[in-house]
Amino acid sequence: MSSLQRTKEILNELIGFQSVSADSNLEIIGFLEDHLKALGARVEIFADDTGKKANLFATLGPDKKGGIVLSGHSDVVPVADQDWSSDPFKMTERDARLYGRGSCDMKGFIACSLVLAEQLAADRLDAPVHFSFTHDEETGCLGAQAMLPQLEDRGYRPALAIIGEPTDMQIIEGHKGCCEYTTHFTGLPGHGSLPHKGVNAAEYAARFITKLIALREEMAARTPEGSCFEPPHTTMNIGCIRGGVAHNVIASNAEIDWEFRPVNDADFYYFKTSVNSFIDRVLLPEMRAVYDRADIRTDIISEVAGLVPEKVNAARALVMALTGANTAGLVAFGTEAGLFQKLGISAVVCGPGSIEQAHKADEYVSLEQLSACLAMLRKLGQKLSA
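Positions within a chain are numbered from 1, following the residues in the order the chain's sequence is written. Selection of residues for local features in this predicted model requires a pLDDT of at least 70, selection of side-chain atom pairs for listing and counting requires 80 or more, and totals for whole chains, interfaces and linings are taken over all residues. Neither water nor hydrogens contribute to the side-chain values; these are computed over all heavy atoms in the structure.

Colleague: Report on the overall build of the chain, specifying residues and quantitative values.
Modeller: The helix and strand tally for the chain stands at 9 helices and 15 strands. For 386 residues, the compact-globule estimate of 2.2 N^0.38 gives 21 Å, and the chain sits close to it at 23 Å. In terms of overall dimensions, the chain has a C-alpha envelope of 75 × 45 × 40 Å along the principal axes. Out of the 386 residues belonging to the chain, those deemed buried represent 51%. Any two residues whose heavy atoms approach within 4.5 Å are treated as being in contact. When contacts within the chain are restricted to residue pairs at least 6 apart in sequence, long-range pairs at least 24 apart make up 80% of them. For the chain, the computed accessible surface area is about 17,100 Å², with 50% contributed by carbon and sulfur atoms. Secondary structure follows DSSP: runs of H or I at least 4 residues long count as helices, runs of E at least 2 residues long count as strands, and numbering of each begins at the N terminus. Radius of gyration here uses only the C-alpha atoms, and the compact-globule reference equals 2.2 Å multiplied by the residue count raised to the power 0.38. Per-residue accessibility, obtained with a 1.4 Å probe over protein chains only, is compared with the maximum for each type, and a residue is labelled buried under 20%, exposed over 50%, and partly exposed between these values. Here the accessible surface of atoms and residues is derived via Shrake-Rupley with a 1.4 Å probe, and residues count as covered only by protein chains that are part of the display.

Colleague: Describe unusual backbone geometry, listing the residues and the values that go with them.
Modeller: A cis amide bond links D105 to the next residue, M106, at an omega of -10 degrees. With respect to the helices and strands, M106 occurs in helix α3 (residues 103-120). Geometrically, the link from E230 to P231 is a cis peptide bond, its omega value of -10 degrees lying close to zero. Residue A96 is not a glycine yet carries a positive backbone phi of 60 degrees. Turning to its location among the elements, A96 is positioned in the loop between β4 (92-94) and β5 (97-99). Unlike most non-glycine residues, M169 shows phi in positive territory, near 60 degrees. The residue M169 is located in the loop between β7 (160-163) and β8 (172-175) in this model.

Colleague: Got a sec to walk through the sheet that holds β5? Specific residues and values, please.
Modeller: Note: two strands are recorded as paired if DSSP finds a minimum of 2 bridges between them. Spatial ordering of the open sheet is given by β4-β5-β15, a layout of 3 strands whose pairing is antiparallel. The sheet is open, and its two edges are formed by β4 and β15 (364-366), each paired on a single side. The average angle at which neighbouring strand axes cross in this sheet is 25 degrees, direction not considered. Across 3 bridges, β4 lies against β5 in antiparallel orientation. For E93, the partnering residue across the bridge sits in β5 and is L98. Axis lines are fitted through C-alpha atoms, for helices just across the contact stretch, and the angle between N-to-C directions can take any value from 0 to 180 degrees. Along the sheet, α3 contacts β5 and β15; its crossing angle with β15, the most-contacted strand, is approximately 50 degrees.

Colleague: How would you explain the side chain of S132 if you had to name every residue and give the values?
Modeller: Secondary-structure assignment places S132 in strand β6 (residues 129-134). The exposure class of S132 is buried, given its relative accessible area of 1%. Here S132 is in contact with L56, F57, V69, L70, S71, G72, M147 and F340, once residues within four sequence places are set aside.

Colleague: Can you explain the nonpolar core? Please cite residues and give values.
Modeller: Among the nonpolar cores identified, the biggest contains 56 residues, and L32, L36, F131 and L380 are the most heavily contacted of them. Residue contributions to this core peak at 11 residues, all from α3. When residues no more than four places from it in sequence are discounted, the contact partners of L36 are A41, V43, L56, A58, L114, A117, F131 and F133. For the purposes of this section, nonpolar cores are sets of buried Ala, Val, Leu, Ile, Met, Phe, Trp, Tyr and Cys residues that join through side-chain atoms within 4.5 Å. Within the second largest apolar cluster, 27 residues are counted, among which are F208, I209, M236 and I256.

Colleague: So what's going on with the environment of I15? Residues and values would help.
Modeller: Position of I15 relative to the elements: it lies in helix α1 (residues 3-16). Measuring from C-alpha to C-alpha, the distance between I15 and R101 comes to 6.3 Å, with 86 residues separating the pair along the chain. When near neighbours in sequence (up to four residues on either side) are disregarded, I15 contacts P88, F89, K90, M91, Y99, G100, R101, S103 and K107.

Colleague: Tell me about the pattern of salt bridges, and name the residues and values.
Modeller: Any carboxyl oxygen of Asp or Glu that lies within 4 Å of a side-chain nitrogen of Lys or Arg is treated as forming a salt bridge with it. Taken as a whole, this structure holds 19 salt bridges when the rule is applied. In this structure, E33 and K37 form a salt bridge, with 3.0 Å as the shortest nitrogen-oxygen distance. Here E33 and its partner K37 are both found in helix α2 (residues 26-38), 4 residues apart, which amounts to about one turn of the helix. Through salt bridges with shared partners, one network takes in R6, E9 and E118.

Colleague: So what's going on with helix α4 (residues 142-153)? Residues and values would help.
Modeller: Of the residues making up α4, those classed as buried are G143, A144, M147, L148 and L151. Burial along α4 is one-sided: seen end-on, the buried residues are contained in an arc of 110 degrees. If you follow the buried residues of α4, they end up packed against β1 (42-47), β2 (54-60), β6 and α8 (337-342). Remark: G155 follows α4 within two positions and exhibits a positive phi of approximately 90 degrees. Within this analysis, the arc is defined by the directions that extend from the helix axis to the C-beta atoms.

Colleague: Quick rundown of the packing of aromatic side chains? Include the residues and the values.
Modeller: Each aromatic pair joins two rings of Phe, Tyr and Trp (for Trp, the six-membered one) with centres within 6.5 Å, and gets the label stacked for planes under 30 degrees apart, edge-to-face for over 60, and tilted for any other angle. Going through the model one piece at a time under the given rule, you end up with 13 aromatic pairs. With a centroid separation of 5.3 Å and an interplanar angle of 50 degrees, the aromatic rings of Y99 and Y364 are classed as tilted. Here Y364 lies in strand β15 and Y99 lies in strand β5, a separation of 265 residues in the sequence. The class of Y99 is buried, set by a relative accessible area of 7%. Their ring planes at 45 degrees and their centres at 6.4 Å tell us that F131 and F133 sit as a pair that is tilted. According to the relative accessible area criterion, F133 is buried, its value standing at 0%. Each residue in the set Y181, F185, F208, W258, F260, F268, Y269 and F271 is aromatic and connected to the rest through ring pairs, giving one cluster. Two conditions define a charge sitting above a ring: the NZ of Lys or the CZ of Arg must be within 6 Å of the ring centre, and it must be within 35 degrees of the ring normal. Over the aromatic face of Y270 sits the side chain of R222, whose NZ or CZ is 4.2 Å from the ring centroid.

This is how it looks when you write it as structure tokens:
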């Protein structure tokens, strides 16, 4: 059986697991665990506090530091309210494309990685090959943020990481961070005809939004010289606003879902410090002058580090050698790569499929892209085998 045919078989299995982020991923993790253990891999499962989610980290080859990690996330985005041409959780092949939820984001790469594991199982490896499959990447890289410190505590230190997000097999050496928050405002309700006797949470939320927009404009003025991102500066987005109950009632509660995407650590700290200072020094004192139990609370949904382009990047050099590419680029979307980089692991993003197909109805990965990924991983296996 060809490597591509074997990849299709595995991908068919993976797409069949409805591992939407809101639900448990234990079934797909169990499948991956059984598959890798059967090949002789050393497998560790890291369950979350709920017991309904888990990360997997597996190793083939010698038990020593170094080596390379192939990283993918097991969760997928929902299919609700999307108009699919076929069952999103049954792989369908047509026009040299494999359709199904997660086909490119990013079960296609996971399937290719398992085929590599099968090919390496009988080989003597000079360095370990690790497989990192996580939960809840789509909701803030929560799985990787939990697992990577645990791996470091256990003494795992891969030298290089390839994160197989869909990049059309182009090498990506940088992306912005992604920081997501929900800010809650608690005020004092009352009759709308007496606004001075209440604390209108919706109005303070509106002032908070105005501050966020002003900070976004500041970020544009702070654009780093030579930035290659698009847009080149730190961005901010308001995702959702909730609050109030009626036209004539002073709103006692309001919530804002928002995010910002820093291009560097300096912007991250500046943005957060500015936001917190505005809350603590301006908004809260005004609210509590009327009602001492008024409050503003911000929940951190995720704070995912960006992938910083580096002059010396061993992972980039390796993937260039494997693919024959001589350039590397940047992307707007976030990945787990920056989390690996924060631990001193050289990282790049490179995987089959296009982000243009991700999260949409009729998501697909082409056979051509899977073949290119398999060719890269085959060369990697040859390089690592004694």
